[in-house]
Amino acid sequence: MFMRIDHIGIACHDLEEKIALFEQTFELTVVARETNEEQGVKEAMLHIADGEGGGSYIQLLEPLSADSPVGKFLAKRGEGVHHVAFGVPDVAEAMQQIGGKGVRLLDERPRHGSMGSSIAFLHPKDVGGMLTELVQAARQPRT
Ligand code: V0V
Ligand code: CO
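Let me begin by describing the structure that accompanies this report. This is a predicted model, so every value here is computed, not measured.

A closer look at the nonpolar core
Core analysis: the largest hydrophobic core is formed by 10 residues, namely I10, C12, L15, I19, F22, L28, A44, L46, I58 and L60. For this core, the elements supplying multiple residues, two or more each, are α1 (15-26), β3 (41-51) and β4 (54-63). Looking at which element gives the most residues to this core, the answer is α1, with three residues. Listed in part, the nine residues of the second largest apolar core include V88, A94, M95 and L122.

Some thoughts on the side chain of H83
Mapped onto the elements, H83 comes out in strand β5 (residues 80-87). Judged by relative accessible area, which is 3%, H83 ranks as buried. One polar contact links H83 to Q59, side chain to side chain, over a distance of 3.1 Å. Only 2.8 Å separates the side chain of H83 from the side chain of E133, close enough to count as a polar contact. Not counting the four nearest positions on each side in its chain, H83 is found in contact with H7, I8, G9, Q59, L61, F121, L131 and E133.

Quick notes on the coordination of the cobalt ion (ligand 2)
Within the protein, the atoms that donate to the cobalt ion (ligand 2) are H7 (NE2), Q59 (OE1), H83 (NE2) and E133 (OE), at distances of 2.1 to 2.2 Å. Positions of the donor residues of the cobalt ion (ligand 2), expressed as sequence spacing, correspond to H-x51-Q-x23-H-x49-E. Taken as a pair, H7 in strand β1 (residues 4-11) and E133 in strand β8 (residues 132-136) lie far apart in primary sequence, 126 residues in all. Each of the two residues, H7 as well as E133, counts as buried.

Examining the site of ligand 1
Looking at ligand 1, there are 22 residues lining it, with K72, H82, S114, K125 and E133 nearest. Within the complex, the protein chains bury 76% of what would otherwise be the 1000 Å² of accessible surface of ligand 1. Listing elements by their share of the shell around ligand 1, those giving two or more residues are α2 (69-77), β5 and β7 (118-122). Per element, the largest residue contribution to the shell around ligand 1 is six residues, and it comes from α2. Residues of the shell around ligand 1, tallied by class, amount to eight nonpolar, nine polar and five charged.

Side note on the pairing of β4
Taking burial as the measure, the 10 residues of β4 include nine buried ones, the bulk of the element. Examined bridge by bridge, β1 and β4 share five bridges and lie parallel to one another. Note that in β4 the partner of G9 across the bridge is Q59. The turn linking β3 back onto β4 is made up of two residues, and G53 within it adopts a positive phi angle of 75°.

Regarding the packing of aromatic side chains
Think of a pair of aromatic rings as described by two things: how far the centres are apart, and how the planes are tilted against each other in angle. Counted by the stated rule, this structure contains two aromatic pairs. Considering the side-chain rings of F22 and F26, the 5.6 Å spacing of their centres and the 65° angle between planes classify their relative orientation as edge-to-face. Separated by four residues within a single helix, F22 and F26 lie in helix α1, roughly one turn from each other. The buried category is assigned to F22, whose relative accessible area is 13%.

Re the pairing of β1
In terms of residue burial, β1 counts as a mostly covered element, since six of its eight residues are buried. Judged from the seven bridges that link them, β1 and β5 form a sheet pairing that is antiparallel. The residue of β5 that forms the bridge with H7 is A85.

Analysis parameters
- Residues numbered from 1 in each chain as written.
- Chains lettered and ligands numbered in written order.
- Predicted model: local features only at pLDDT ≥ 70, side-chain atom pairs only at ≥ 80, totals over all residues.
- Heavy atoms only, no water.
- Core = buried A, V, L, I, M, F, W, Y, C linked by side-chain atoms within 4.5 Å.
- Buried < 20%, exposed > 50% of the residue type's maximum accessible area, 1.4 Å probe, protein only.
- Helix = DSSP H or I, 4+ residues; strand = E, 2+ residues; numbered from the N terminus.
- Polar contact = N/O pair within 3.5 Å; in protein donor to acceptor, adjacent residues only side chain to side chain.
- Contact = heavy atoms within 4.5 Å.
- Donors = N, O, S within 2.8 Å, 3.2 Å for Na, K, Ca; no water.
- Near = heavy atom within 4 Å.
- Areas by Shrake-Rupley, 256 points an atom, 1.4 Å probe, with all protein chains shown as cover.
- Nonpolar A, V, L, I, M, F, W, Y, C, P; charged D, E, K, R; others polar.
- Pairing = 2+ DSSP bridges.
- Phe/Tyr/Trp six-rings, centres within 6.5 Å; stacked < 30°, edge-to-face > 60°.

Okay, structure coming up:
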């Protein structure tokens, strides 16, 4: 079902400061930035590697408000790993398969994610305390 780790999402107070830290420390490059109102975040993707059906990234997340998912997380736990996202070939199909096993889906349908992806979240309490995201990467143009 899972093809690769698509990204590790890291909650932070100051996106620009953490981008500089990750670029300088690990020599990573920001390949996309987006403000996602629906998810309540300003985010940046730092490329790690290319893989089957998409790449692997670090996703840095700054909340747009205190009552957003990342805003609440920061208030409760402080900065750190917020979620792990797995690449799947078809997010709707993965939701159906995983939901059928009794894991609570936090989304009724796929949502818009970073870089044109389709995403859905699973409840952390049903996955050993790990907020889990399913990612179907945007279709690559044929070359
Ligand atoms: C909350 N909990 C977590 C957690 N957030 N556990 C592990 N990792 C996290 N990130 C725990 C929390 O400690 C509570 O446990 C329990 O879950 C319920 O949390 P809560 O604080 O009472 O509830 P909320 O209102 O904060 O909701 C938590 C959930 C919410 C996970 C339901 O954050 C959510 O719907 N997240 C999905 C959307 C999201 O995170 N979007 C931002 C990333 P105790 O204390 O009761 O034991 S956007 C993104 O990744 C994008 C755009 C992308 O990749 O493209
Ligand atoms: Co994410």
